[in-house]
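# Summary of the model geometry
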Amino acid sequence: TELSKFHSISVVARHSSFAFAGEKLTIPEVARRLRANYVVEGSVRRSGTRLRLIAQLIEAESGKHLWAEHFDQETEAIFDIEDRIVSRIAGMLESSLLQEELSNSKRAIPTGAKPYDLWLQARKLMEAWSPEEDRKAEELLQRAVALDPDFARGHAGLAGIYNTRILLLPGIGNAAEFLEQGFLHARRAVELDPNDARNHIDLAWSFMLAGKVRQGEKHFDLALKLNPNDASILTACSLGKAFLGDPAEGELLAERAMELNPLFPDYYLGNLAFIQFIGENYEAALETIERAPKALPELSAWRAAALAQLGRVNEAREAAEELRRSIGAIWAGDGPMTDGALVDWLLSINAFADPGDRQRLFGGLQKSGLDV
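### Considering the sheet that holds strand β1 (residues 38-47)
Backbone-to-backbone hydrogen bonds join strands into a sheet, with any given pair of strands oriented parallel or antiparallel. A sheet is described by the order of its strands in space; here three strands give the open sequence β1-β2-β3, paired in antiparallel fashion. Each edge of the open sheet carries a strand with a single partner, namely β1 and β3 (65-74). Pairwise comparison of adjacent strand axes, ignoring direction, gives a mean angle of 15° for this sheet.

Laid out in structure tokens, this is it:
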């Protein structure tokens, strides 16, 4: 049931697999009869009052084990931790499957790529949070929707590209045009597949970046309801919840996302640092930034503001200088970057519902020595 919530996975009905109970069949034989590419196999063993649950993902044709994990629990607590185990298994399997499919799809792209193959490649490129990688991803996604105009994931991917372009290209003059394109593709994705949680995430961020935060909140909540076990959904919603004024809930979601996907990309940490700053936990924000200082272009701004809010003025001024250098190197505005233009851009891309949260960032940047 939980795996079926991931629209990147088609799951054979459980009654079909139960039909093989008691038969001595190999995994490849079962998979052939079910026409499945992968098999999830599990077992439960008991010793006294303890249970060991084992789950593993197997590639059907080769029999290769792609992922496995075990859980040891006391029998009386099994129902208390059932949801956590299910979430962990579902999240890890989906992540492992996508990585395996990504490896397979690379061989198909030069000749006869399918829309899903193109989307897989684009998704991996977008994790880099780089303008160059995003341009490559955009080309792949445009090919995907040209092949299939009703491919919802392709439209959602394009919405994500256009939404993040104003984050990756500071000061860009046609930000309003990109926001409009993001809305167009995000709405189309939700229209085509309203039951895919990731489509709602891209529409949520379109609303947030346009300043329509309560409409954004609606789609974050829908995404969480549709699939609470997708790490990428959780990390997106974690930041959304913090911007909407609930950093405590945001931090819980961020930590759960990292638990579900232990091989998370660095931007998960960037999101967590933002959340900790909004929650006024400046020391924790600085520690998180140290773990991935280059995760997001604007991360150095939060570092400077956090140091300033802690009264570490000299360090804050040094961080502000680093902010000027790093953003100045990628500034996409028509004219030279000024402190005022830099701060205007930072405030425009952070969708604060609470003016107090906005003021804490602005005040920290001001204390760090930026001329605003």
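Following the structure, the description resumes.
### So, the side chain of Ser-238
Mapped onto the elements of the fold, Ser-238 is located in helix α10 (residues 231-243). Side-chain polar atoms of Ser-238 contact the backbone oxygen of Thr-235, separated by 2.6 Å. Apart from residues no more than four positions distant in its own chain, Ser-238 is found in contact with Gly-250, Leu-253, Ala-254 and Ile-275.

### What to know about the packing of aromatic side chains
Using the criterion set out here, one finds 13 aromatic pairs in the structure. Their ring planes at 35° and their centres at 5.5 Å tell us that Tyr-116 and Trp-119 sit as a pair that is tilted. Of this pair, Tyr-116 and Trp-119 both sit in helix α4 (residues 115-126), three residues apart, which is roughly one turn of that helix. Connected via pairs of aromatic rings, a cluster forms that spans Trp-205, Phe-220, Phe-243, Phe-274, Phe-277, Tyr-282, Trp-302 and Phe-352. Its end group placed over the ring of Phe-178, Arg-165 keeps NZ or CZ at 5.3 Å from the ring centre.

### Comments concerning the nonpolar core
Formed by 86 residues in total, the largest nonpolar core has its most connected members in Trp-302 and Leu-365. Counting residues per element, this core draws most heavily on helix α12 (residues 267-278), at nine residues. Once residues lying within four places of it in the same chain are set aside, the contact partners of Trp-302 are Phe-243, Phe-274, Phe-277, Ile-278, Ile-289, Asn-350, Phe-352 and Leu-361. Counting residues in hydrophobic clusters, the runner-up holds 16 residues, among them Ile-9, Ala-55, Leu-57 and Trp-67.

### Re the pattern of salt bridges
Summed over the entire model, instances satisfying the criterion amount to 21 salt bridges. The salt bridge involving Arg-165 is made with Glu-138; its shortest N-O contact spans 2.9 Å. Residue Arg-165 is found in helix α6 (residues 152-168), and its partner Glu-138 is found in helix α5 (residues 131-147); the two are separated by 27 residues along the sequence. As far as burial versus exposure is concerned, Arg-165 and Glu-138 are alike and both buried. Salt-bridge contacts for Arg-153 lead to Asp-196; the nearest nitrogen and oxygen are separated by 2.7 Å. One end of the pair, Arg-153, is in helix α6; the other, Asp-196, is in the loop between α7 (175-192) and α8 (197-209), with 43 residues separating them in the sequence. Owing to a relative accessible area of 8%, Arg-153 belongs among the buried residues under this scheme. Here Asp-196 falls in the buried class, since its relative accessible area comes to 3%. Counted as one network, the salt bridges with shared partners bring together Asp-150, Arg-188 and Glu-191.

### Some points on the packing of α6 against α8
Helix-helix packing: each pair is described by the crossing angle between the helix axes and the interaxial distance. Here α6 crosses α8 at 30°, and the two axes come no closer than 9 Å. With respect to α8, the element α6 is oriented roughly parallel. Relative to α8, the crossing made by α6 is left-handed. Residues Ala-152, Arg-153, Ala-156, Ala-159, Gly-160, Asn-163, Ile-166 and Leu-167 of α6 lie in contact with α8, whose contacting residues are Arg-198, Asn-199, Asp-202, Trp-205, Ser-206 and Leu-209. Across the contact of α6 with α8, the residue classes tally to seven nonpolar, four polar and three charged.

Rules used in this analysis
Residues numbered from 1 in each chain as written. Predicted model: local features only at pLDDT ≥ 70, side-chain atom pairs only at ≥ 80, totals over all residues. Heavy atoms only, no water. Pairing = 2+ DSSP bridges. Helix = DSSP H or I, 4+ residues; strand = E, 2+ residues; numbered from the N terminus. Axes fitted to C-alpha atoms, helices over the stretch in contact; angles between N-to-C directions. Polar contact = N/O pair within 3.5 Å; in protein donor to acceptor, adjacent residues only side chain to side chain. Contact = heavy atoms within 4.5 Å. Phe/Tyr/Trp six-rings, centres within 6.5 Å; stacked < 30°, edge-to-face > 60°. Lys NZ or Arg CZ within 6 Å of the ring centre and 35° of its normal. Core = buried A, V, L, I, M, F, W, Y, C linked by side-chain atoms within 4.5 Å. Buried < 20%, exposed > 50% of the residue type's maximum accessible area, 1.4 Å probe, protein only. Salt bridge = Lys/Arg side-chain N within 4 Å of Asp/Glu carboxyl O. Parallel < 35°, antiparallel > 145°, perpendicular 65-115°, else oblique. Left-handed = near helix turned anticlockwise from the far one by under 90°. Nonpolar A, V, L, I, M, F, W, Y, C, P; charged D, E, K, R; others polar.

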